[in-house]
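Listed below are the residues making up each chain.
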Amino acid sequence: MDRTDRYFIGVDGGGTYTKAVAANQAGKICACAFGDTINFNAVSFDTAQKNLEELLDRLTQTLGNGHIEQIFIGCSALDNAADDTLTHRLLGRYGSLDAGMNSDLYVALIGHVLDKSGVMIVSGTGSMGIARSLSGEIYICGGWGYAFGDEGSAFNIAVKGLRAATQYYDGRGEPTLLYEAMMDFFQLNEPRDLVPILYHPALDRKRAAGFSVCVSKCCEAGDDIACRILEGAAADLVSIAGVLIERVEQFSSIAVYGGVLQNDRFVRESFTCRMQKRWPGIKIVDPEMPPEIGAVAAAMQRSGVKVTQDVLNNLRTYQQKAFFTPFAGKSERTQDGCVLARKDTL
């Protein structure tokens with residue numbers, strides 16, 4: 001590497017895993033790394049800090065000579081911009097570097113609109129919506145967490161599926177394929193064996209959210225209850241989108257991101273149909289660039305570097321690199337089974 005290279009690091013810290021990418025001032029991708037979650041609401045702050053330090057260790061080992069100009073972190077523990085104290089504390093050993101931090105949803109939106117207006121709906125393990133106005137104001141909707149929010153998310157779909165299965169077992173619900181799906185997915189000998197799995201120790205949200213794949217399979221097999229659950233998920237996500245659409249202007253599409261909206265055909269089609277019925281002509285699209293590249297662009301913007309068309313063209317090549325594509329394969333399935341099992345089964 002040229003000693004004059006200036007590196008801009010983008011980090012996408014979701015609830016399950018974290019991706020980091022380093023690019024130079026021309027937008028050329030120089031290094032990529034993959035690690036565990038940095039969501040300090042899901043794990044302890046010390047664990048999140050350690051995970052981020054180790055991720056950046058792996059990333060910087062391959063950079064060689066050059067200067068890290070800026071780091072921008074998208075963190076799923078946040079709803080909006082973090083102050084400098086929190087940002088540098090999370091960076092640990094890398095805390096002396098210039099850095100900014102906002103939500104993971106924010107960097108996902110930047111990866112799609114850059115400095116324009118737009119709306120994005122995210123539905124993975126959790127769910128949330130974000131919008132940017134022409135004046136740069138950021139609006140959010142949803143994202144209240146799994147305990148009483150995250151409507152339309154994989155976790156919410158899974159909970160409704162398990163509720164239907166257990167109610168059928170009790171004799172107070174309709175017959176459903178979800179019952180056998182529950183027994184198979186959790187490898188239960190008896191239905192009530194589910195209780196210690198979910199509560200002792202505390203609920204593993206990632207594992208529970210994986211049951212949403214079973215809900216999708218049951219829907220494809222013609223199970224009315226499963227289909228109604230997925231229809232309800234789509235309706236919930238449309239409700240989030242509707243709030244944000246009223247707050248922005250001059251856009252013609254809604255970007256969607258996350259395992260549910262990108263990989264569950266039934267939810268995606270239902271969401272699209274409902275959106276287009278309510279707002280004729282609107283397009284439902286995948287993001288222009290992935291969140292980690294949105295974070296790189298945010299790092300550049302924070303440093304005053306103009307993200308020109310040539311820079312954008314270089315950043316977009318990331319999506320063709322080996323680092324990005326294999327996440328449809330075995331390595332990502334083991335990290336986030338909910339998302340990738342959907343890719344394999346649809």
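This write-up is about the structure you can find in this document. (Residues numbered from 1 in each chain as written. Predicted model: local features only at pLDDT ≥ 70, side-chain atom pairs only at ≥ 80, totals over all residues. Heavy atoms only, no water.)

Describing the overall build of the protein chain
Cut-off, in case you're wondering: Runs of E in the DSSP output that reach at least two residues are strands. Runs of H or I that reach at least four are helices, and both are numbered from the N terminus. Only protein chains enter the accessibility calculation, which uses a 1.4 Å probe; a residue is then buried when its area is under 20% of its type maximum, exposed when over 50%, and partly exposed in between. Two residues qualify as a contact provided that any one of their heavy atoms is within 4.5 Å of a heavy atom in the partner residue. All accessibility values rest on the Shrake-Rupley procedure with a 1.4 Å probe; residue burial counts only the protein chains present in the view.
Each helix and strand counted, the protein chain has 15 helices and 10 strands in total. For the protein chain, buried positions account for 53% of its 346 residues. Expressed as a percentage of contacts within the protein chain between residues at least 6 apart in sequence, the contacts between residues at least 24 apart total 66%. When the accessible surface of the protein chain is summed, it comes to about 15500 Å², and 48% of that surface belongs to carbon and sulfur atoms.

Thoughts on the sheet that holds strand β8 (residues 138–142)
What links the strands of a sheet is backbone hydrogen bonding, and the strands pair in either a parallel or an antiparallel sense. Where we set the bar: Two strands are said to pair when DSSP picks up at least two bridges between them. To get an axis, fit a line to the C-alpha atoms, keeping to the stretch in contact for a helix; angles then go from 0 to 180 degrees between the N-to-C directions.
Here we have 5 strands laid out as an open sheet, ordered β8-β7-β6-β9-β10, and mixed in their pairing. Looking at the sheet topology across the chains shown, the edges are occupied by β8 and β10 (283–285). Here the strands of the sheet are splayed against their neighbours by 20° on average, with no regard to which way each runs. Sheet topology note: the strand β6 (residues 118–123)/strand β7 (residues 127–132) ladder contains 6 bridges and is antiparallel. In the sheet register, glycine 118 faces β7, and the bridge partner there is arginine 132.

Topic: helix α3 (residues 104–113)
Among the 10 residues in α3, 9 count as buried, and that is most of the element. Trailing α3 by a residue or two, leucine 114 shows a phi angle of about 60°, which is positive.

Section: unusual backbone geometry
The residue leucine 114 is not glycine, and still its phi comes out positive at about 60°. Looking at leucine 114, the relative accessible area reads 11%, which means it is buried. Positive phi, close to 55°, is recorded for glutamine 187, a residue that is not glycine. One can find glutamine 187 in the loop between α5 (178–185) and α6 (194–199).

A few points about the sheet that holds strand β2 (residues 17–23)
Pairing is mixed across the open sheet formed by 5 strands, whose spatial order is β3-β2-β1-β4-β5. The open sheet terminates on both sides in strands that have one partner only, identified here as β3 (29–36) and β5 (99–103). Along the sheet, successive strands turn relative to each other by an average axial angle of 15°, direction set aside. In this structure, strand β1 (residues 6–13) lies alongside strand β4 (residues 67–75), joined through 8 bridges in parallel fashion. Paired with arginine 6 across the bridge in β4 is histidine 67. Of the strands in this sheet, β1, β2, β3 and β4 are in contact with helix α1 (residues 45–61), which crosses β3 at around 150°. In the packing of α3 onto the sheet, contacts are made with β1, β4 and β5, and the angle to β5 comes to roughly 95°.

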